[in-house]
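Chain by chain, the residues:
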Amino acid sequence: MMTEASGAPRRSDATKAAILEAARERFAADGYERATIRAIARDANIDPSMVMRYYGNKEGLFAAASEIDLRLPALGALPGKHIGAVLVAHFLDRWEEDDVLTGLLRVGVTNEAGAERMRAVFAEQLGPIAAGVCPDPADAPRRAALTASQILGMALARYVLRIAPAASMSRDEVIAWLAPTVQRYLTAERP
């Protein structure tokens, strides 16, 4: 077996990765309350004590499993009038390709640890975007929160609750409806 110094991953890294993958899938499928350490360990083909060894408890595991990079696009070089459309399109892509985001949203509406994680993700990642494009950077937290309300509201309606017709609207329709509002929240003068 190669050592860490030679560049090969250690067995513990592979175990942690298996635990996190199983946890993400289980939290997305079952939500925070119903997901169990035993089920996650079974899915990862390891003993439950290993989950506890690496993550301490279910909250610690959830925090690690819900580390999400929204991979927000750089908006600096973009013409200002396209910011809303680019962000809405980006979030649609992220929701449609990443079940972890949907799982985190489900957990966030039913569990305080999930809600806190969702708040942190959006504050840490969307906040700087808002500060970079809004007329008054001091207003960025408010603008980021309003933008998140639109993005998360559509995600809840479309991907979790599957409310018609939000769930069946085309991508272009969703962008056409949401982009002007997101654009206004981020770039318009304060009312």
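Provided above is the structure to which this section pertains.
Numbers given to residues run from 1 along each chain, matching the order in which its sequence is written. Residues qualify for local features only when their pLDDT is at least 70, as the model is predicted, and side-chain atom pairs are given and counted only at 80 or more; totals for whole chains, interfaces and linings, by contrast, use all residues. Water and hydrogen atoms were dropped before computing side-chain values, which therefore reflect all heavy atoms in the structure.

**Student:** I keep staring at helix H1 (residues 11–34) and nothing clicks. Help me out?
**Tutor:** In an α-helix, one full turn covers 3.6 residues, which means residues spaced three or four apart are oriented alike. Strands here mean DSSP runs of E at least two residues long; helices mean DSSP runs of H or I at least four residues long; both are numbered from the N terminus. What a helix is expected to span follows from its residue count: subtract one and scale by 1.5 Å. Taking 1.5 Å per residue, 24 residues should reach 34 Å; H1 reaches only 29 Å between its end C-alpha atoms and comes up short. Along H1, the sharpest change in direction is near 85° and occurs at Ala28. We call a residue buried when its accessible area falls under 20% of the maximum for its residue type, exposed when it is over 50%, and partly exposed in between, using a 1.4 Å probe and counting protein chains only. Among all positions of H1, only Ser12, Thr15, Ile19, Leu20, Ala22, Ala23, Arg26, Phe27, Ala28, Gly31 and Tyr32 are buried. Contacts between residues were defined by any pair of non-hydrogen atoms, one from each residue, lying within 4.5 Å. Buried-residue contacts for H1 involve helix H2 (37–44), helix H3 (48–55), helix H4 (58–65) and helix H6 (99–108). A residue's bend is given by the angle between axes fitted to the 7 residues ending at it and the 7 residues starting at it.

**Student:** Teacher, can you tell me more about unusual backbone geometry here?
**Tutor:** If a residue is not glycine, its phi is most likely negative; likewise, a peptide bond is most likely trans. In the segment running from Ala164 into Pro165, the intervening peptide bond is cis, with an omega of -5°. Tracing the chain through its elements places Pro165 in the loop between helix H8 (140–160) and helix H9 (171–187). We note that Arg71 has phi near 50°; this positive angle belongs to a residue other than glycine.

**Student:** Teacher, can you tell me more about the side chain of Gln125 here?
**Tutor:** Tracing the sequence through the fold places Gln125 in helix H7 (residues 112–133). Judged by relative accessible area, Gln125 falls into the buried class, the value being 19%. Here the side chain of Gln125 touches Leu70 through a polar contact of 2.6 Å, landing on its backbone nitrogen. Leave out the neighbours within four places in its chain, and Gln125 touches Ile68, Asp69, Leu70, Arg71 and Leu72. What qualifies as a polar contact is a pair of N or O atoms within 3.5 Å, subject to a donor-acceptor requirement within protein and to the restriction that residues adjacent in sequence count only when both atoms come from side chains.

**Student:** Help me out: how do you make sense of the nonpolar core in this one?
**Tutor:** Side chains that are nonpolar tend, in soluble globular proteins, to be buried together. Definition of nonpolar core: a set of buried residues of the types Ala, Val, Leu, Ile, Met, Phe, Trp, Tyr and Cys, connected through side-chain atoms within 4.5 Å. Phe27, Leu61, Leu87, Val88, Trp95 and Phe122 are the most contacted members of the largest nonpolar core, which has 56 residues in total. When residues in this core are grouped by element, the largest group, nine residues, is from H8. Other than its neighbours up to four places away in sequence, Trp95 contacts Leu101, Thr102, Leu105, Met118, Ile151, Leu152, Ala155 and Tyr159.

**Student:** Before we go on, may I ask you to explain empty space enclosed by the protein in this structure?
**Tutor:** It is a probe the size of a water molecule, rolled over the atoms, that shows where empty space is left. As defined here, a cavity is a set of points on a 1 Å grid over the protein atoms alone where a 1.4 Å probe fits but cannot get out. A pocket is an open set with protein on both sides within 12 Å along at least five of seven lines, and residues line them when an atom is within 4 Å of a point. Grid points are joined across faces, edges and corners, and a volume is the space filled by probe spheres set on the points. Under the counting rule described, the total for this entry stands at two cavities of 30 Å³ or more. As a volume, the largest cavity reaches approximately 70 Å³. The wall of the largest cavity is formed by Arg24, Phe27, Ala28, Phe62, Ala65, Ser66, Asp99, Val100, Gly103 and Leu104. If you list the elements that add at least two residues to the lining of the largest cavity, you get H1, H4 and H6. By residue number, the principal contributor to the lining of the largest cavity is H6, which donates four residues. Considered class by class, the residues forming the lining of the largest cavity number six nonpolar, two polar and two charged. Taken as a whole, the second largest cavity holds about 50 Å³ of empty space. Every residue lining the second largest cavity is listed: Val88, Phe91, Leu92, Trp95, Ile151, Met154, Ala155, Tyr159, Val174 and Leu178. Only Asp, Glu, Lys and Arg are considered charged in this grouping, and only Ala, Val, Leu, Ile, Met, Phe, Trp, Tyr, Cys and Pro are considered nonpolar; every other residue, Gly among them, is considered polar.

**Student:** Can you walk me through the environment of Ser149 in this structure?
**Tutor:** Tracing the backbone through its elements, the reader meets Ser149 in helix H8. Linking Ser149 and Ala89, residues 60 residues apart in sequence, is a C-alpha distance of 16 Å. From its side chain, Ser149 meets the backbone oxygen of Leu146 in a polar contact 2.5 Å long.

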